[in-house]
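One letter stands for each residue in the lines below.
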Amino acid sequence: LLDAGVNYIDTAESYKNQPAVGKGIQGRDRKTIFITSKLEIKKEDTKETLTNRFNKSLEELQTDYIDAMMIHSCPDVETVKHADFHAVMAEMKSKGRLRFIGISNHGASFVEEAKIPMEDVLCAAAADGRFDVMLLTYNFLSLEGGDKVLQACAEKNIGTTLMKVNPVGSYYKLKERIGSGGRSCRSTT
């Protein structure tokens, strides 16, 4: 795909694909590829655990820096403000190991256990002022909330990337996997 012109790679520590991405980008001009990764943040995470996990992502990706590191599927407004996450990301930025700090949220339409609407979490992140980029669900199931987030990001000059833009396609892929006996249900659309 990189030979075809793909220049944006979205990964996460929980996807378990960072070593494959690292291998795939070897020998390429790193400045031509934008890599986003994500960390699931828990209340008990400390500066030490987050630094170690960030460094593991760098090692697995076989790169000196990550373009954007995000809070993965941020569950609530409290996590938006996780002090140790922000301290570690600010340190990584100052060392040139990170370019942008981000946050992602799928919303209740895609994550059954989501208890807080996507727009509440991501608008709180926009108001927080420490995020450079957001990854959000945007489709006909989430237009109103998505529009609120996009407006808040435009007002704060926060970059956005959209996901789950084709929920109907996701449904048919899931249905096909279940019908074929596939056990994995993770969609990448």
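Look up: the structure comes first, before these words.
Residues numbered from 1 in each chain as written. Predicted model: local features only at pLDDT ≥ 70, side-chain atom pairs only at ≥ 80, totals over all residues. Heavy atoms only, no water.

(A) Summary view of the pattern of salt bridges. Per the counting criterion, the structure on display carries 13 salt bridges. The salt bridge involving Asp-10 is made with Lys-38; its shortest N-O contact spans 2.5 Å. With a gap of 28 residues between them, Asp-10 in strand 1 (residues 8-10) and Lys-38 in strand 2 (residues 34-39) connect regions that are remote in the sequence. (Salt bridge = Lys/Arg side-chain N within 4 Å of Asp/Glu carboxyl O. Helix = DSSP H or I, 4+ residues; strand = E, 2+ residues; numbered from the N terminus.)

(B) Focus on the nonpolar core. Membership of the largest hydrophobic core comes to 36 residues, with the highest contact counts inside it found for Phe-54, Phe-85, Met-89, Leu-98, Ile-103, Phe-131 and Met-134. In terms of residue count, the dominant contributor to this core is helix 5 (residues 118-128) (5 residues). If sequence neighbours within four positions are ignored, Phe-85 has contacts with Ile-41, Leu-50, Met-69, Met-70, Ile-71, Ile-101, Gly-102 and Phe-131. Of all hydrophobic cores here, the second largest spans 5 residues; its members include Ala-68, Val-133, Leu-135 and Met-163. (Core = buried A, V, L, I, M, F, W, Y, C linked by side-chain atoms within 4.5 Å. Buried < 20%, exposed > 50% of the residue type's maximum accessible area, 1.4 Å probe, protein only. Contact = heavy atoms within 4.5 Å.)

(C) The arrangement of the pairing of strand 6 (residues 159-163) in detail. The pairing of strand 5 (residues 133-137) with strand 6 spans 5 bridges and is parallel. Bridge pairing in strand 6 links Thr-137 to Met-163. Regarding the hand of the β-α-β motif, the stretch spanning strand 5, helix 6 (residues 143-156) and strand 6 is right-handed. (Pairing = 2+ DSSP bridges. Right-handed = clockwise from strand over helix to strand, strands pointing away.)

(D) View of the packing of aromatic side chains. All told, the structure shown has 2 aromatic pairs when counted by the stated rule. Pairing Phe-34 with Phe-100 gives two aromatic rings, centres 6.1 Å apart and planes at 25°, and the pair type is stacked. Taken together, the residues span a long stretch of sequence, with Phe-34 in strand 2 and Phe-100 in strand 4 (residues 98-105) at a distance of 66 residues. The exposure class assigned to Phe-100 is partly exposed, which follows from its relative accessible area of 29%. (Phe/Tyr/Trp six-rings, centres within 6.5 Å; stacked < 30°, edge-to-face > 60°.)

(E) A look at the environment of Ile-101. For Ile-101, the position within the fold is in strand 4. Taking the C-alpha atoms as reference points, Ile-101 and Val-133, separated by 32 residues in sequence, lie 6.5 Å from one another. The contact partners of Ile-101, leaving out residues within four places of it in the chain, are Met-69, Phe-85, Met-89, Ala-90, Lys-93, Arg-130, Phe-131, Asp-132 and Val-133.

(F) Structural context of the state of the cysteines. The full count for this structure, using the stated rule, is 0 disulfides. Cys-74 takes part in no disulfide bond, and the closest cysteine sulfur, belonging to Cys-123, lies 13 Å away. Free cysteine Cys-123: the closest other cysteine sulfur is in Cys-153, separated by 7.4 Å. Residue Cys-123 is classed as partly exposed on the basis of its relative accessible area, which comes to 25%. (Disulfide = S-S within 2.5 Å.)

(G) Spatial organisation of the pairing of strand 4. Of all the 8 residues making up strand 4, 6 are buried; the element is thus mostly covered by neighbouring parts of the structure. Inspection of the sheet shows strand 3 (residues 66-71) paired to strand 4 by 5 bridges, in the parallel sense. In the strand pairing of strand 4, Ile-71 is matched with Ile-103. Note: strand 4 against strand 5, 4 bridges, orientation parallel. Looking across to strand 5, one finds that Ile-103 is bridged to Met-134.

(H) Summary view of helix 5. Taken residue by residue, helix 5 has Met-118, Val-121, Leu-122, Ala-124, Ala-125 and Ala-126 as its buried positions. Backbone geometry just downstream of helix 5 places Gly-129 in the positive-phi region, at approximately 90°.

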